[in-house]
Amino acid sequence: MATVRAVPAFDTSDLLDDRSLRGPAFCAALTRRFDDHLAAVFAAADVPAGVALVAVGGYGRGEQCPGSDLDVALVHVPGLDMGTVAERVWYPLWDAGLKLGHQVGTVAQLLAVGAENLETATSLLAVRTVAASSPDASALVHDLAERALAQWKSRSRQNLDQLQAAVADRHARFGEVAFLLEPDLKEARGGLRDVHSLFWVEQATVPILREAESAGLAAAFETLLAVRVELHRLTGQRSDKLLLELQDDVADALGLADADVLMAEVSAAGRTIAWTGEGAARRTLRASRRRGPMKALSGIRRREVAPGLVLDDGRLELADDADLDDPLLVLRYAAAAARHDAYLQRGSLERLADHAEPLPVPWPAEARNLFVDLLAAGPSAIQVIEDLDQVGLFVLLVPEWEPCRSRPQRNAYHRFTVDRHLMEAAAEASRLVDQVERSDLLLVGALFHDIGKGYPGDHTEVGVELLTTIATRMGYEGDDVDLLVAMVEHHLLLPDVATRRDLDDDGTIRQVAEAVGGTVLLRLLGALTEADSIATGPSAWSNWKAGLVRELVERTSHVLGGGDVGDVVGGSFPDADQQVLLDDGTFVVRGEGLELTVVAADRPGTFAKVAGVLALNGADVLGASAHSEHGRALSVFRVGSVLGGEPDWPRIAEQIDRALAGRLALAARLGDRSRTYRPIRLTARPARPTMTVDNVSSATATVLEVTCPDGVGVLYRITRAFAELDLDIVRAHVQTLGSDVIDAFYVRDPFGAKITDPEHLAEVELSVLRWVAVDF
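Residues numbered from 1 in each chain as written. Predicted model: local features only at pLDDT ≥ 70, side-chain atom pairs only at ≥ 80, totals over all residues. Heavy atoms only, no water.

(A) A look at the sheet that holds strand β5 (residues 303-306). The four strands lie next to each other as β5-β6-β7-β8, forming an open sheet whose pairing is mixed. What marks the edges here is a single partner per strand, and that holds for β5 and β8 (343-344). Two strands pair when backbone bridges link them, and strand β7 (residues 315-318) and β8 are joined in this way by two bridges, in the parallel orientation. Opposite Arg315, over in β8, you have Tyr343 as the bridge partner. (Pairing = 2+ DSSP bridges. Helix = DSSP H or I, 4+ residues; strand = E, 2+ residues; numbered from the N terminus.)

Shown next, in the form of structure tokens:
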């Protein structure tokens, strides 16, 4: 390798330590540091005339982050042998530990690569000189920049088609910045790469961003760039995924109060970028249609759908003569757009934002009806509300909405921010309006059921106060306000009772009937439960949960209608064949699909041992129920897939046989497994282990509800604690919510009685919490 003159050591530690440098300012300082070092290396390499070292891509844009690759190219005049020259430039950079994305070629060669490769083509749009060996080399860079842009424009249709496909593929792989627990700041929808893509589109065509959009986009970009810089600083490497365990540290580095504030800012930035990109994509598509074979139909599609509202090829806009002084115009515009499944023209949104005033209080009946019409449109209302929200018009309608905007929930159980969750819940509720007497209350209640999550304190208690104010302002009167408030107060009643209490216990049905007071509220809560659960995420609703909620609603409705609670309760037990087997002292295990049924002689520890065997085989228990009577126990376990398939039921049955016979060292084996398989953290706030006691719901058993983080063998640990105290599990309702478990057990003491003695309950709690905390 050719000898080169020594250059100063490359060091950025002072920049990394300077916490006053953040975001774009840090990137600019780091870019200058790289420029100086590369220029020194270039000068020491005895480069012949006609060669320039250029920055491209992110480095060319001046967006260098601590962990970013250094995107560079050596561009040269034709006829030079660049092999040795390139070595004299690249090797000192590699020796300094720099990660290079490097190219070598003439202007024509680099352009030829760009014509075939989208990544190269876009990187050349940001070319700039770092160092040049002669004036003609500097001219090469200018020529490359001009011709790269000209080539990008000349091939705009092909380039934009490829770019559109690449963006769609990227979004499908990385998800969306605004809603992910651990978003990729660069590649996900609403990330930094989307901002670059918008600029590339503008360079290929004509400016497509409105002035207000450009300002919002720049601010959102700076937010994500600042977070990316601190993420790289913390990890010491290129790491664009904002992992849960790093979020508090990144927030602290940025001077933010906590990770909740950080993720709210990240979410808001991601939504702004995604929203801006969506608007730009629509305008680009409309422009291409007007140039293509659809041009002749463009005028035909325009029609007035309401006074001052014009529908044009899927876009609703305000006519020039629209009455901007109409206080209901925002709601008329939004409801019409949702009804026609149209999007709102950005220019019209800006006109409305400039002129809109708060509605009179209380709202006129027409305003309330328009608001309900908007929600009744279902999924198409989501984008309309999002559009209103982006320009401040939705908060003008509902000021209490502001703290919920882009507020993260920071667990894998909830897939959306609070505000988006509420929109999704209302959209889901629109499918269920036929199940209730008051569809308007269902839609409004669904939209605001979690409104309290944007505020300090218990979100249900806060939500009750907020919805009282909101409903009164909307013009609802006494009984209707009471119903809406009751929907918020009891929005968790049905799912909690259905999944954590015994529906065959008459006390359960009686308690629910007393809480709701009538079938109107009961049906509203039933529909709200389904809408809320589906909007929460895929793990929050299932056929099993739907069946339990439906059963609870029907049984409670029967009682509210004057029926006897005894008519609708009563358990079931194994069939005759299984009972014969049990009488003979044996047990039955049946595994099918993702469900395991075990029938065995009822003795302490049976449930725990079965749960332990399932955990040993990697079959996470998602739900379970137990029932015992006359010395026999029936347990049904719903489990998650194991490596994408069914559990090995024959192996599990054989291990259950050994465990129940006392021939399997479950605790020891689970200890080995827990040291090998650590659960993935899926929430920012793992549940604090607690045990609550309910001696009211059941007349015959004590209900113990245990909440704790999920982990290897946690159900085994809880129920082993019961077995240690010879407690009999009469019923069990087990569920996993994200990374937490909330399990309810109906238990009796060794003499078949409820546990009422405080000292005894304290011992149970001590045992449970100690076993839950055990790290095998």
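After that view of the structure, there is still more to cover.
(B) Here's a closer look at the sheet that holds strand β2 (residues 70-76). What the four strands build is an open sheet, ordered β3-β2-β1-β4; its pairing is mixed. Each edge of the open sheet carries a strand with a single partner, namely β3 (100-105) and β4 (128-132). Between one strand axis and the next, the sheet turns by 25° as a mean value, whatever way the strands run. Here strand β1 (residues 51-55) runs beside β4; their pairing, made up of four bridges, is antiparallel. The partner of Ala55 across the bridge, within β4, is Arg128. (Axes fitted to C-alpha atoms, helices over the stretch in contact; angles between N-to-C directions.)

(C) Structural context of the packing of aromatic side chains. Tallied over the full model, the rule gives 11 aromatic pairs. The interplanar angle of 80° and the centroid separation of 6.5 Å between the aromatic rings of Trp401 and Phe448 together place this pair among those described as edge-to-face. Note that Trp401 is positioned in the loop between α18 (393-397) and α19 (418-429) and Phe448 in helix α20 (residues 439-448), a separation of 47 residues in sequence. In this structure, Trp401 and Phe448 share a single accessibility class: buried. Three or more aromatic residues link up through ring pairs in this structure, and these residues are Trp363, Phe371, Phe394, Trp401 and Phe448. (Phe/Tyr/Trp six-rings, centres within 6.5 Å; stacked < 30°, edge-to-face > 60°. Buried < 20%, exposed > 50% of the residue type's maximum accessible area, 1.4 Å probe, protein only.)

(D) Region of interest: the environment of Lys153. Tracing the chain through its elements places Lys153 in helix α7 (residues 135-154). Between the C-alpha atom of Lys153 and that of Arg748, which follows or precedes it by 595 residues, the distance is 77 Å. In this view, Lys153 contacts Gln203, Ala204 and Thr205; residues no more than four positions away in its chain are not counted. In this structure the side chain of Lys153 is engaged in a polar contact, spanning 3.0 Å, whose partner is the backbone oxygen of Gln203. (Contact = heavy atoms within 4.5 Å. Polar contact = N/O pair within 3.5 Å; in protein donor to acceptor, adjacent residues only side chain to side chain.)

All quantities given are derived from atomic positions and should not be read as evidence of function.
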